[in-house]
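# Report on the structure
Read off the chains here:
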Amino acid sequence: LLAALEKEAALTNKVENTVGMALLVALLIVIFIFSFRRYDPKILQDYPNLLMLGTVAVSTIALAKAVTLSPFSSFLIPIPMASMLTTVLLNSSAAMMMTLLLSLLAATMVSQKFGLIVVAVLSGLAAVYATSRVHRRSDILKAGIWAGAAGTIGVVVISLISGLQIKVSVYE
């Protein structure tokens with residue numbers, strides 16, 4: 001009887017978590033659409049650009065899920081990659097909105113870690129800034145280095161704030 005009650009409670013929690021996540025994702029997408037409608041309406045009218053944004057977002061979330069299932073640190077979720085791609089393929093304002101959206105979604109995947117949001121936003125915005133001035137292929141490498149440096153500094157700062165030891169490892 002006790003095992004059946006525990007199983008039912010676990011199923012109820014799972015359903016509640018799934019419904020809550022679905023509502024959060026829907027809310028974030030609505031905010032994303034309204035932001036584009038207000039600040040960059042041309043993107044909403046161009047279906048190839050919307051498809052590209054969706055592909056970048058879904059692939060980044062899939063990679064984020066793979067990272068969370070692996071033994072690697074959640075700080076390795078590739079938010080700056082999505083930021084750089086969106087900046088190069090569209091524009092920096094779309095990339096900033098994408099960075100914020102993906103940072104929040106990634107944080108919900110790893111139990112709402114505030115540190116992940118901070119690091120993802122810092123490194124993503126650094127990637128947007130560095131990629132907005134790309135004229136040659138070598139500039140993309142430099143932008144990646146800047147994004148990595150911003151992420152590293154963010155991890156060190158979050159570790160110092162939370163009193164954790166700084167590990168020189170990519171594993172959690």
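Further up the page is the structure itself.
Read on for a plain summary of the structure. (Residues numbered from 1 in each chain as written. Predicted model: local features only at pLDDT ≥ 70, side-chain atom pairs only at ≥ 80, totals over all residues. Heavy atoms only, no water.)

### Brief notes about the overall build of the chain
Looking only at helices and strands, the chain has 7 helices and 0 strands in total. Starting at the N terminus, the α and β elements of the chain follow one another as α-α-α-α-α-α-α. In the chain, which comprises 172 residues, the share counted as buried stands at 32%. Long-range contacts, defined as pairs at least 24 residues apart, comprise 64% of the intrachain contacts of the chain with a sequence gap of at least 6. A total of about 11000 Å² of accessible surface is found on the chain, and carbon and sulfur atoms cover 71% of it. (Helix = DSSP H or I, 4+ residues; strand = E, 2+ residues; numbered from the N terminus. Buried < 20%, exposed > 50% of the residue type's maximum accessible area, 1.4 Å probe, protein only. Contact = heavy atoms within 4.5 Å. Areas by Shrake-Rupley, 256 points an atom, 1.4 Å probe, with all protein chains shown as cover.)

### Here's the deal with the packing of helix α5 (residues 92-109) against helix α6 (residues 114-131)
In contact at an axis separation of 9 Å, α5 and α6 are set at 160° when each is read in the N-to-C sense. In terms of axis orientation, α5 runs roughly antiparallel to α6. When the axes of α5 and α6 are compared, the crossing they make is right-handed. Here Ser92, Ala95, Met96, Thr99, Leu100, Ser103, Leu104, Ala106 and Ala107 of α5 come into contact with α6, specifically with Leu116, Ile117, Ala120, Val121, Gly124, Leu125 and Val128. (Axes fitted to C-alpha atoms, helices over the stretch in contact; angles between N-to-C directions. Parallel < 35°, antiparallel > 145°, perpendicular 65-115°, else oblique. Left-handed = near helix turned anticlockwise from the far one by under 90°.)

### What about the nonpolar core?
Core analysis: the largest hydrophobic core is formed by 22 residues, its most contacted members being Phe32, Phe36, Ile77, Ile79, Met98 and Leu102. At the level of elements, α1 (2-39), α3 (47-69), α4 (79-89), α5 and α6 are the ones that each hand at least two residues to this core. Residues contacting Ile79, with those up to four places away along its chain left out, are Thr60, Thr99, Leu102, Ser103, Ala106 and Ala120. Ranked by size, the runner-up nonpolar core spans 5 residues in total, among them Met84, Ala130, Ala143 and Ala147. (Core = buried A, V, L, I, M, F, W, Y, C linked by side-chain atoms within 4.5 Å.)

### Describing the layout of surface pockets
Considered as a void within the structure, the second largest pocket measures approximately 450 Å³ in volume. For the second largest pocket, the lining is made up of 18 residues, of which Val25, Ile29, Ile61, Leu101 and Leu105 are closest to its centre. When residues of the lining of the second largest pocket are traced back to their parent elements, those giving at least two are α1, α3 and α5. For the lining of the second largest pocket, the residue count by class is 15 nonpolar, 2 polar and 1 charged. (1 Å grid on protein atoms, 1.4 Å probe; cavity = no way out; pocket = protein on both sides within 12 Å on 5 of 7 lines; lining within 4 Å. Points joined across faces, edges and corners; volume = space filled by probe spheres on them. Nonpolar A, V, L, I, M, F, W, Y, C, P; charged D, E, K, R; others polar.)

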